[in-house]
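Structure at a glance
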Amino acid sequence: YQLLPNNITNIIEKIELIDKKRGTEVRDFFNDLYIAFKTIDNKCAKNNNQIWIVGNRLVKNIRTPLDIFIKDIAEELNYRCIGIIPRNIPYKTMPKKNSPTNLAGNTSETMNEESIVFLERN
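What counts and how
- Residues numbered from 1 in each chain as written.
- Predicted model: local features only at pLDDT ≥ 70, side-chain atom pairs only at ≥ 80, totals over all residues.
- Heavy atoms only, no water.
- Salt bridge = Lys/Arg side-chain N within 4 Å of Asp/Glu carboxyl O.
- Helix = DSSP H or I, 4+ residues; strand = E, 2+ residues; numbered from the N terminus.
- Buried < 20%, exposed > 50% of the residue type's maximum accessible area, 1.4 Å probe, protein only.
- Arc of directions from axis to C-beta.
- Contact = heavy atoms within 4.5 Å.
- Expected span 1.5 Å × (residues − 1).
- Axes fitted to C-alpha atoms, helices over the stretch in contact; angles between N-to-C directions.
- Parallel < 35°, antiparallel > 145°, perpendicular 65-115°, else oblique.
- Left-handed = near helix turned anticlockwise from the far one by under 90°.
- Pairing = 2+ DSSP bridges.
- Core = buried A, V, L, I, M, F, W, Y, C linked by side-chain atoms within 4.5 Å.

1. Overview of the pattern of salt bridges
Side chains that differ in charge, positive against negative, can pair when their charged atoms come close. If you walk through the whole model with that rule in mind, you get nine salt bridges. Where Arg-27 meets Glu-16, a salt bridge forms, and the shortest distance between an N and an O atom there is 3.3 Å. Here the residue Arg-27 occupies a position in helix α2 (residues 20-43), and Glu-16 occupies one in helix α1 (residues 6-18), the gap between them amounting to eleven residues. This pair shows no difference in class: Arg-27 is buried, exactly as Glu-16 is.

As C-alpha cells, this is what we get:
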C-alpha cells in the first residue's frame, strides 16, 4: 500500500470498523488513484496544469473527500491547488436518495454534487 494522507486513513479506518471488506475496497481504490495520479504526472509536461472533476461519495454513510485527496497528493507532487469549486449535478440518472441498507425508510443521499479541482504545476 501507498502511504495515504492521515485524513483519508482515518476515514478508511471508520469504514473498516463498520465493514472490514468494504474498508479494504475503499483503501484499494485510494491506493490505485494515487498510483494513477503519479502515472499521469510522469506523462505530462513539467509545467502542465490539471483539472479533475470528482464526487465525494458516501460509503457506509461516511463521506469520502476525494477532492481533498486529489489536492493532497497533487501538493505532494509539487502542484498548487488553485481552488476547489463545488457544483450541483443537475441531470442525474441515479436517484437523489437511496437505501443502501435495504431497510425501508433508511435512506441516505447519493452523490448530488461534484467538485472541480484546479491544479497548477509549481
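The discussion continues.
2. Some remarks on helix α3 (residues 66-76)
Looking at α3, one finds that the buried residues are Leu-66, Asp-67, Phe-69, Ile-70, Ile-73 and Ala-74. Seen end-on, α3 carries its buried residues on one side only, within an arc spanning 160°. Buried residues in α3 make contact with α1, α2, β1 (49-54), β4 (79-88) and β7 (113-121). A positive backbone phi angle near 70° is found at Asn-78, which sits one or two residues after α3.

3. Quick look at α1
Under the 1.5 Å per step criterion, the end-to-end length of α1 is 19 Å for 13 residues, consistent within 8% with the ideal 18 Å. Considering only its buried residues, α1 is in contact with α2, β2 (58-59), β3 (62-63) and α3.

4. Re the packing of α2 against α3
Closest axis-to-axis distance for the α2/α3 pair is 11 Å, and the angle between their directions is 40°. Between α2 and α3, the crossing angle belongs to the class labelled oblique. Note that α2 runs across α3; the crossing there is right-handed. Touching Phe-29, Phe-30, Leu-33, Tyr-34 and Phe-37 of α2 are Leu-66, Phe-69, Ile-70, Ile-73, Ala-74 and Glu-76, all from α3.

5. Examining the environment of Cys-81
By the element assignment, Cys-81 lies in strand β4. For Cys-81, a relative accessible area of 17% puts it in the buried group. Spatially, the C-alpha atoms of Cys-81 and Lys-71 are 6.1 Å apart, while their sequence positions differ by ten residues. Discounting residues that sit within four places of it in the chain, Cys-81 has contacts with Lys-71, Glu-75, Val-117, Phe-118 and Leu-119.

6. What about the pairing of β1?
Across the two faces of β1 the burial differs, with Gln-50, Trp-52 and Val-54 buried and Asn-49, Ile-51 and Ile-53 not buried at all. One ladder, built from six bridges, connects β1 with β7; its direction is antiparallel. Within β7, the residue paired with Gln-50 across the bridge is Leu-119.

7. Quick word on the nonpolar core
Ranked by internal contacts, the top residues of the largest apolar core, which has 24 residues, are Phe-30, Phe-37, Trp-52, Phe-69, Ile-70, Val-117 and Leu-119. Mapped by element, the contributors of at least two residues to this core are α1, α2, β1, α3, β4 and β7. Those residues within four positions of Leu-119 in sequence are excluded, and the remaining contacts are Phe-37, Asn-49, Gln-50, Trp-52, Ile-70, Ala-74, Tyr-79, Arg-80, Cys-81 and Ile-82.

8. Looking at the sheet that holds β7
Ordered in space as β1-β7-β4, the three strands form an open sheet in which the pairing is antiparallel. Single-partner strands in this sheet number two, and they are β1 and β4. Taken over all neighbouring pairs, the strand axes of this sheet differ in orientation by 15° on average, direction set aside. Across the sheet, α2 is in contact with β1, β4 and β7; its angle to β1 comes to roughly 155°. Lying on the sheet, α3 is in contact with β1, β4 and β7; it crosses β4 at an angle near 170°.

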